[in-house]
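Examining the three-dimensional arrangement
Letter by letter, the chains look like this.
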Amino acid sequence: MKDQVTGAAALFDNPVAFDNLIFDTDSYKLSHFSQYPEGTQYVSSYIEPRRAWGDIDRVMFFGLQIELAKLAGQVVTQPMLDEAAPFLKAHGFDVYIAGWQYIIDTYDGRLPVLIEALPEGTLAPVSVPQLRIENTDPNCFWLVSYLETRLLRAVWYASTVGSLSQYVVGKIRERLELTDGSQAGAEFKLHDFGARGVSSAEAAGIGGAAHLVSSFGTDTIAGLVYARNYYGADMAGFSIPATEHSTMTAAGEAGELDQMRRFLAANPSGLIACVSDSYDLMRAVKDYWGGALKDDVLARGGVLVVRPDSGDPLEIVPDVIEALMAKFGYSTTAQGYRLLNDKVRVIQGDGVDKDSIVQIMDVMIDRGLAIGNIAFGMGGGLLQKVDRDSFGYAMKASAVFYDGTWHDVFKDPKTANGAKTSKKGKQGAMRTDSGQFVARPAANIPLGADALQPVFRDGKILKLQRFDEVRARAWPDVAGFGET
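Attention shifts here to the overall build of the protein chain. Along its length, the protein chain carries 15 helices and 18 strands. Over its C-alpha atoms, taken along the principal directions, the protein chain stretches across nearly 80 × 60 × 45 Å. Across the 484 residues in the protein chain, those meeting the buried criterion constitute 52%. A sequence separation of at least 24 residues applies to 74% of the contacts in the protein chain between residues at least 6 apart. Accessible surface, the protein chain as shown: approximately 21,000 Å² in total, 50% of it carbon and sulfur.

Now the structure itself:
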């Protein structure tokens, strides 16, 4: 049976709508409408990443526009309220019916809030606010924190994945320049393998799109869909034909060589990748690719990418590259590093995360191997092994308006020794004369200099940002990046 409201599958009678906005908050927030000081009219809150994640101390803001698309227009209806009230009553809470009814009757179910944010793709240090939200109707002061669950979830995940990808690609670019003398091809050096390793299809779409801000390489089709649907990207990423163990073992160990030969024959040109460790990696490298199939590889109108998939990558990667060099030859870059015959490359996708990629490249450099030899496939380490605590993301109320004035709101728990102290007053961000972003109270920012710009007001998205614009902000020093 299908949910009558959303069309989503439901297995029992009397389902509730999955996308009822009233449900999409933390349960305890249902009780907060009555907890603010008497006469409260406005609440101002902000979102920030509070701390660095290891060596990553700049965060790329991304993903808000995806959420704004879901918050735009009529998002609360009378049937939603009528459904939510008894359901949440059974859960232990009285829904603030008067407040929701006011939004339905006065705004036709549109949300009376103002959201201001950094332009997406902006890189800013940790502890700089990325978003500010306030209610625009004094009767809806309670709505600001009610939306925290959705807004924080939308911002922390996409921004964390995007920042992780941006950091790793940056490290690849640095080392590619060092060993090859150019960053050419860097946008294809980090490939998204994460679609099967995330918790949901939505996470694949959001995280996959966040990765594509810094890379053209992906096997996560959902990320391409989100990049097009929410940011107007015609085609944000690309992939190539590749094998997996199920295809390479389908004919058994004795048939592995023939499967490789069939794969080459089916793809006489272009980039292709073949997992080569189903049985004996070095046999595959030396006897199959570099022996029986060597002439076929060299005759192709394209590049064969050999993929190891087990073992210690700090040893396996340089060993495989050098074994291929022994069979196919190599050249030496102007910087003095060995680079494989241009018909052959390697991709490492096992045991890959933000730290191991750097370690693998540094081992390669120590052994005189150019980074142009390698690409990386990152799966769970890219899209799933992140959480809100990676950067210490939080949304906090910082100012409340009552008795005709704004009052500072903040927390400063002694037991946290300053680690959880929140900012006081309405918050903003601005660029200094040196071009760096810093946090500032909004009242101390010159008119027109607040980096948090209006993007949503009273149910309307005020400015749409395109994917190429986001890429250009994230990579201001890479000329033409993002142009397709």
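Okay, back to it.
Turning our attention to empty space enclosed by the protein. With a probe scaled to a water molecule rolled over the atoms, the places where space remains empty come into view. Under the criterion given, the structure shown has one cavity of 30 Å³ or more. When its volume is computed, the largest cavity comes out at roughly 80 Å³. Taken together, Lys29, Leu30, His32, Phe33, Tyr36, Tyr96, Trp100, Trp142, Ser145 and Tyr146 make up the lining of the largest cavity. Class assignment for the residues of the lining of the largest cavity results in seven nonpolar, two polar and one charged.

Tracing the sequence through the fold places Thr243 in the loop between helix 7 (221-231) and helix 8 (245-248). Discounting chain neighbours no more than four positions away, the residues touching Thr243 are Met248, Phe263, Ala273, Cys274, Val275 and Arg307.

Right, let's talk about the nonpolar core for a bit. Counting residues in each nonpolar core, the largest one holds 134 residues, and the members touching the most others are Phe62, Leu64, Trp100, Ile115 and Leu143. Top contributing element to this core by residue count: helix 5 (residues 148-180), with 13 residues. Those residues in contact with Phe62 that lie beyond four places of it in its chain are Glu120, Ala154, Val155, Ala158, Ser159, Ile206, Ala209, Ala210, Val213, Tyr231, Phe467 and Val470.

Across all of its chains, the model carries 20 aromatic pairs by this definition. Look at Tyr42 and Phe401: their rings are 5.8 Å apart centre to centre, the planes differ by 75 degrees, and that puts the pair in the edge-to-face class. With Tyr42 in strand 1 (residues 42-49) and Phe401 in strand 13 (residues 393-402), this pair connects stretches of sequence that are 359 residues apart. What makes Phe401 buried here is its relative accessible area of 17%. Taken together, a centroid distance of 6.3 Å and an interplanar angle of 70 degrees make the contact between Tyr102 and Tyr107 edge-to-face. In this structure Tyr102 comes out as partly exposed when scored by relative accessible area, which is 26%.

With that settled, the discussion passes to the packing of helix 6 (residues 201-212) against helix 7. Across the interface, helix 6 lies against helix 7 with an axial gap of 7 Å and an inter-helix angle of 75 degrees. Taken as axis vectors, helix 6 and helix 7 run roughly perpendicular relative to one another. Contacts from Ala201, Glu202, Ala204, Gly205, Ile206, Gly208, Ala209 and Leu212 in helix 6 reach Ala222, Gly223, Leu224, Tyr226 and Ala227 in helix 7. For the contact of helix 6 with helix 7, the per-class residue count stands at nine nonpolar, three polar and one charged.

Let us look at the sheet that holds strand 6 (residues 190-192). As summarised here, the arrangement of the five strands in space is 6-12-11-8-7, forming an open sheet in which the pairing is parallel. In this open sheet, the two strands that pair with only one neighbour each are strand 6 and strand 7 (272-275). Going from strand to strand, the sheet's axes swing by 30 degrees on average, the running direction of each strand aside. When strand 6 meets strand 12 (residues 374-378), the two strands line up parallel, connected through three bridges. Looking across to strand 12, one finds that His191 is bridged to Gly377. This element, helix 12 (residues 313-328), spans strand 8 (304-307), strand 11 (344-348) and strand 12 of the sheet and lies at about 170 degrees to strand 11. Against the sheet, helix 13 (residues 354-366) contacts strand 6, strand 11 and strand 12, and its axis sits at roughly 165 degrees relative to strand 12.

This part covers the pairing of strand 7. Taking every second residue as pointing to the same face, both faces of strand 7 are buried, with Ile272 and Cys274 on one and Ala273 and Val275 on the other. In the sheet, strand 7 pairs with strand 8 via four bridges, with the strands oriented parallel. The residue bridging Cys274 from the neighbouring strand is Val306, located in strand 8.

Attention shifts here to the layout of surface pockets. Size it by volume and the largest pocket reaches roughly 1,200 Å³. Considering the residues around the largest pocket, the lining is formed by 47 residues, among which His191, Phe193, Arg307, Ile347 and Gly377 are closest to the centre. Contributions of two or more residues to the lining of the largest pocket are made by helix 5, strand 6, strand 8, strand 11, strand 12 and helix 14 (380-383). In terms of residues, the lining of the largest pocket owes the most to one element, strand 12, which gives four residues. Within the lining of the largest pocket, the residues separate by chemical class into 18 nonpolar, 17 polar and twelve charged.

Mean pLDDT for the protein chain: 95, with 98% of residues reaching 70 or above. Note that pLDDT drops below 50 for residues 1-6; the model gives that stretch 20 contacts with residues more than four away or on any other chain.

On to the environment of Ile321, then. With respect to the helices and strands, Ile321 occurs in helix 12. The exposure class assigned to Ile321 is buried, which follows from its relative accessible area of 0%. Ignoring anything within four residues of it in the chain, the contact list for Ile321 reads Leu340, Val346, Met364, Leu369 and Asn373.

Bringing the sheet that holds strand 1 into the picture now. Overall, antiparallel pairing links the seven strands, which are arranged 14-13-1-5-3-17-18 in an open sheet. On the outer flanks of this sheet lie strand 14 (405-408) and strand 18 (460-461), each paired with one strand and no other. Across four bridges, strand 1 lies against strand 5 (residues 131-135) in antiparallel orientation. Note that in strand 5 the partner of Ile47 across the bridge is Leu131. Running at roughly 25 degrees to strand 17 (residues 453-457), helix 1 (residues 64-71) makes contact with strand 3 (113-117), strand 5, strand 17 and strand 18 of the sheet.

Another aspect to go through is the environment of Tyr231. Tracing the backbone shows Tyr231 in helix 7. Along the primary structure Tyr231 and Leu464 are separated by 233 residues, whereas in three dimensions their C-alpha atoms are 7.7 Å apart. Every residue in contact with Tyr231, bar those within four places of it in the chain, is listed here: Phe62, Gly63, Leu64, Gln65, Ile66, Glu120, Tyr226, Gln465, Arg466, Phe467 and Val470.

Parameters at a glance
- Residues numbered from 1 in each chain as written.
- Predicted model: local features only at pLDDT ≥ 70, side-chain atom pairs only at ≥ 80, totals over all residues.
- Heavy atoms only, no water.
- Helix = DSSP H or I, 4+ residues; strand = E, 2+ residues; numbered from the N terminus.
- Buried < 20%, exposed > 50% of the residue type's maximum accessible area, 1.4 Å probe, protein only.
- Contact = heavy atoms within 4.5 Å.
- Areas by Shrake-Rupley, 256 points an atom, 1.4 Å probe, with all protein chains shown as cover.
- 1 Å grid on protein atoms, 1.4 Å probe; cavity = no way out; pocket = protein on both sides within 12 Å on 5 of 7 lines; lining within 4 Å.
- Points joined across faces, edges and corners; volume = space filled by probe spheres on them.
- Nonpolar A, V, L, I, M, F, W, Y, C, P; charged D, E, K, R; others polar.
- Core = buried A, V, L, I, M, F, W, Y, C linked by side-chain atoms within 4.5 Å.
- Phe/Tyr/Trp six-rings, centres within 6.5 Å; stacked < 30°, edge-to-face > 60°.
- Axes fitted to C-alpha atoms, helices over the stretch in contact; angles between N-to-C directions.
- Parallel < 35°, antiparallel > 145°, perpendicular 65-115°, else oblique.
- Pairing = 2+ DSSP bridges.
- pLDDT = per-residue confidence, 0-100.

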